[in-house]
Amino acid sequence: MSKENSEKSPVTSQSPEELSRRRFLEGLCIALASLCGVVIAVPAIGFIFAPLLQKYPQLWRSVGKVDEFKIGETVKVTFEDPSPLPWAGVTANTAAWLRRVSKTEFIAFAVNCSHLGCPVRWLGDANLFMCPCHGGVYYADGRVAAGPPPQPLSRYTVRIQNGEVQLQTRPIPIA
Amino acid sequence: MLRTAKAIWNWVDDRLGLSETLGPLAKHAVPKDAKWWYVFGSATLLAFIVQVVTGVVLAFSYIPSPSQAYQTLQFITNEAAFGRFMRGLHYYGASAMILMVGAHMAQVFLFGSYKFPREMSWVTGVLLLGFTLLMGFTGQLLRWDQTAVWSVVVAAEQAGRFPLFGNAFAHFVLGGETVGGATLGRFFAIHVFLVPAGIFAFVGLHLMLVMRHGISEPPKVGEPVDPKTYRKKYQELLKKNGCPFWPDAAWRDIVFGTVMVLCLVLLAWFFGPPELGKPPDPSIIRADPRPDWYLLWYFAVLALMPDWMERYFMVLGPMFAGLLIIMLPFFFGKGERSPIRRPWAIAGVIMVVLTIGSFWYVGAKTPWSPNFDAPPLPVNVVGMETGPVADGARLFHAKGCLNCHLIETFGGRRGPNLSNVGAKLSRSDIIIRIVNGGHNMPAYGNNLTPDQLNALVAFLQSRKKALVTLPGTTSQTIASSSSVARETFGSKLHRYWSTTYRASGGN
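## Here's the deal with the overall build of chain A
In terms of regular secondary structure, chain A is built from two helices and 11 strands. Along chain A, from the amino end to the carboxyl end, the secondary structure elements read α-α-β-β-β-β-β-β-β-β-β-β-β. In terms of C-alpha radius of gyration, chain A reaches 31 Å, well past the compact-globule figure of 16 Å for 175 residues. Each principal axis of the C-alpha distribution contributes one length, and for chain A these read about 100 × 40 × 25 Å. Looking at chain A residue by residue over its 175 residues, the buried ones come to 37%. Pairs at least 24 apart in sequence give 45% of the contacts found in chain A among residues at least 6 apart.

Right, dumping it as structure tokens:
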């Protein structure tokens, strides 16, 4: 660079054409950088938020033979989530409270308290479900008996297929 | 040898410009009077560095896979060399970071250091506080035991309370519709990458602002902050009464930091990390999820607030609280800094400490949780082995009443203490309450046969006094232990003599 140029102010000494060129280059840099940001950010954000858009199939899971369950008894059953990822391990398990009402009728309740999702326990002698977190209590039919739960226990759809009791999987109930 | 080392250092320093860049930063002028109250910020940073180092070390063995994380933690805790120590250091380091950030915030608030021109230091600091609490929460989840799994479910339920997009938020937290293979990974990414990146960025900004505006001088009564004159006054103060940060002020930070690190080392070595709970199997439902101690106060707040407030508070509470705190310097950016002239500031800090402290205490006790481990009442409490009272006592346990009510020292605290209910309620009152229940009590009307109800009532009516034998008399009853504590000597004497008088036939 010549001594003359280095002594002059670089901006004010430029011609309108050079200023215009500078503006164009600034705009080009910002636009290209934004393009790079967008082509990386969009799939990245899509990847992170994909679970919100994904549709999960609700499958039927066998929890035991019909004859294994006594009429009037409420027992805990365990089954696997629909389409668990191979590395889910034991977190793919879900529990439910299953009651045989009659020879052919079953009710299944989600273990999640409708208040904040903690697992409710069945007290057989008391005929009540009770939540350890904030003392929510439900009657045997899942209705709220006491405490902060805003709604009854969620239920699973139950069917009998080929002598097996089956529950249709469902998402964790969100109030 | 020394000459060679010096020559190497000179070469490196010349090429990297370390002395030129870092030297002025390290030796920037600070007020001489800024002493021991000013160490908490650097202590927080040091705790964070401990977390980063121990976190990286743990990551050498920890596998963030839902099927393996628990086993890797068992390996780290029980088999890996210094594994238990590293986990302990990481846990106590988290506690230290939260304690120090709170102390630092309190000190800055009380000294009015958030006022002009350091408003943005306060704003970046509040954001760092939020990041720190988020790290504490997500870190507990990475333990990936039973408590962690159910804590995620509870967090998702709270996220679900957001209006409009609550469901989507809940599914984002879970990584799907249930806890599963996708859940742990996102908390690992948040805890190890996202939030630490935020912390690094905002700590950098926070320190840059310290360099720009300087360390605030200790406040003096009668010297309010005036934006028109403050900067000039501050520069004059530094010229007259300043000293280089390194080593004249930094030595206190180093001493305090060393004490803190030694405490962490001792705690980690002798007490170790928190025990791992049961495996992260959502089908194991005998669970009682609790946050680590630093979030117990918030856990208690959520448990104790009225039901109608819950939905609004869960969403709006943290938002409003954060906004209020961040906006502080924009409302009170000028004027007196000295806490002596700001008694509301002192009252505010005391109130916050007492409030959070009280909620911590209650959060540790959790009186709102039923006691599922209450054993059947022993004979010496019931007073009978057979008959309706004894039957009633057995029913009181079997029907779950003891889970929520205390009889003497047995049972839960969810509901009222019934040790003396026979003296307070009539038979019909007791029956009405058992049959109809209340807001926090189920109605047992359809759950009891008439004989069972009678036995229960008989038992509860017998809950007036504990059975003891007074010297020189037949078996007498005196007040239960809780009311004895409150009874005066005079009334005890009166009761004894009047009982003896009646027993002797009034002669």
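## A word on the overall build of chain B
Each helix and strand counted, chain B has 22 helices and six strands in total. Its C-alpha atoms give chain B principal-axis dimensions of about 105 × 60 × 55 Å. In chain B, which comprises 507 residues, the share counted as buried stands at 35%.

## Description of the sheet that holds strand 1 (residues 60-65) of chain A
All names here are of chain A. Reading across the sheet, the three strands line up as 1-11-10 and stay open at both edges, with antiparallel pairing between neighbours. On the outer flanks of this sheet lie strand 1 and strand 10 (158-161), each paired with one strand and no other. Neighbouring strand axes in the sheet, compared pairwise and without regard to direction, differ in orientation by 35° on average. Direction of pairing for strand 1 relative to strand 11 (residues 164-168): antiparallel, over a ladder of five bridges. Its bridge partner being in strand 11, Gly-64 is matched across the sheet by Val-165.

## Thoughts on the domain arrangement of chain A
In terms of domain boundaries, chain A breaks down into domain 1 (3-53) and domain 2 (60-168). Each of domain 1 of chain A and domain 2 of chain A has a C-alpha centre, and these two points are 58 Å apart.

## Some remarks on the interface of chain B and chain A
Listed by partner, the interface residues are 55 residues for chain B and 45 residues for chain A. Secondary structure elements with two or more residues in the side of chain B that touches chain A: helix 7 (146-159), helix 8 (166-174) and helix 17 (401-404) of chain B. With seven residues, the single largest contributor to the side of chain B that touches chain A is helix 7 of chain B. Here the residues of the side of chain B that touches chain A sort into 27 nonpolar, 20 polar and eight charged.

## Quick word on the nonpolar core
One finds A:Ala96, B:Ala47, B:Val152 and B:Ala156 to be the most contacted residues of the largest nonpolar core, which totals 105 residues. It is helix 5 (residues 83-110) of chain B that contributes the most residues to this core, 13 residues altogether. Excluding anything up to four places from it in sequence, A:Ala96 contacts A:Val77, A:Ala108, A:Phe109, A:Ala110, A:Val111, A:Tyr156 and A:Leu167. B:Cys404, B:Leu418, B:Ile434 and B:Leu456 belong to the second-largest nonpolar core, a separate cluster that totals 21 residues.

## Concerning the environment of B:Lys115
Residues and elements named next belong to chain B. Secondary-structure assignment places Lys-115 in the loop between helix 5 and helix 6 (119-142). When the C-alpha positions of Lys-115 and Val-225 are compared, they lie 7.5 Å apart, and in sequence the two are 110 residues distant. The contact partners of Lys-115, leaving out residues within four places of it in the chain, are Val-225, Pro-329, Phe-332, Gly-333, Lys-334 and Arg-337.

## Regarding unusual backbone geometry
What you tend to see is this: most non-glycine residues have negative phi, and most peptide bonds are trans. Residue B:Pro117 is reached from B:Phe116 by a cis peptide bond, and omega for that bond is -5°. For B:Pro117, the location among the structural elements is in the loop between helix 5 and helix 6. Here the amide bond leading from B:Trp246 into B:Pro247 is cis, since omega sits at -5°, within 30 degrees of zero. Relative to the assigned elements, B:Pro247 resides in helix 11 (residues 245-270). Despite not being glycine, A:Asn127 has its phi angle at roughly 60°, a positive value. A positive phi is found at B:Leu164, a non-glycine position, where the angle reads about 70°. With respect to the helices, strands and loops of the structure, B:Leu164 is situated in the loop between helix 7 and helix 8. What makes B:Leu164 exposed here is the crowd of 7 C-beta atoms within 10 Å.

## Some remarks on helix 7 of chain B
With 14 residues, helix 7 of chain B extends 20 Å between its outermost C-alpha atoms, agreeing within 8% with the 20 Å of an ideal straight helix rising 1.5 Å per residue. Counted residue by residue, helix 7 of chain B has 14 buried out of 14 residues, so it is predominantly covered.

## Things to note about the confidence of the model for chain B
Residue and element names in this part refer to chain B. Per-residue confidence for chain B averages 89 on the pLDDT scale, and 92% of its residues sit at or above 70. For residues 468-507, every residue scores under 50 in pLDDT, and the model assigns this stretch 25 contacts once sequence neighbours within four places are set aside. In the model output, the complex is listed with pTM 0.85 alongside ipTM 0.86.

What counts and how
- Residues numbered from 1 in each chain as written.
- Chains lettered and ligands numbered in written order.
- Predicted model: local features only at pLDDT ≥ 70, side-chain atom pairs only at ≥ 80, totals over all residues.
- Helix = DSSP H or I, 4+ residues; strand = E, 2+ residues; numbered from the N terminus.
- Rg over C-alpha atoms; globule rule 2.2 N^0.38 Å.
- Buried ≥ 20, exposed ≤ 12 C-beta atoms within 10 Å, placed from the backbone.
- Contact = placed C-beta atoms within 7 Å.
- Pairing = 2+ DSSP bridges.
- Axes fitted to C-alpha atoms, helices over the stretch in contact; angles between N-to-C directions.
- Domains from an automatic or database assignment.
- Nonpolar A, V, L, I, M, F, W, Y, C, P; charged D, E, K, R; others polar.
- Core = buried A, V, L, I, M, F, W, Y, C linked by C-beta atoms within 7 Å.
- Expected span 1.5 Å × (residues − 1).
- pLDDT = per-residue confidence, 0-100.

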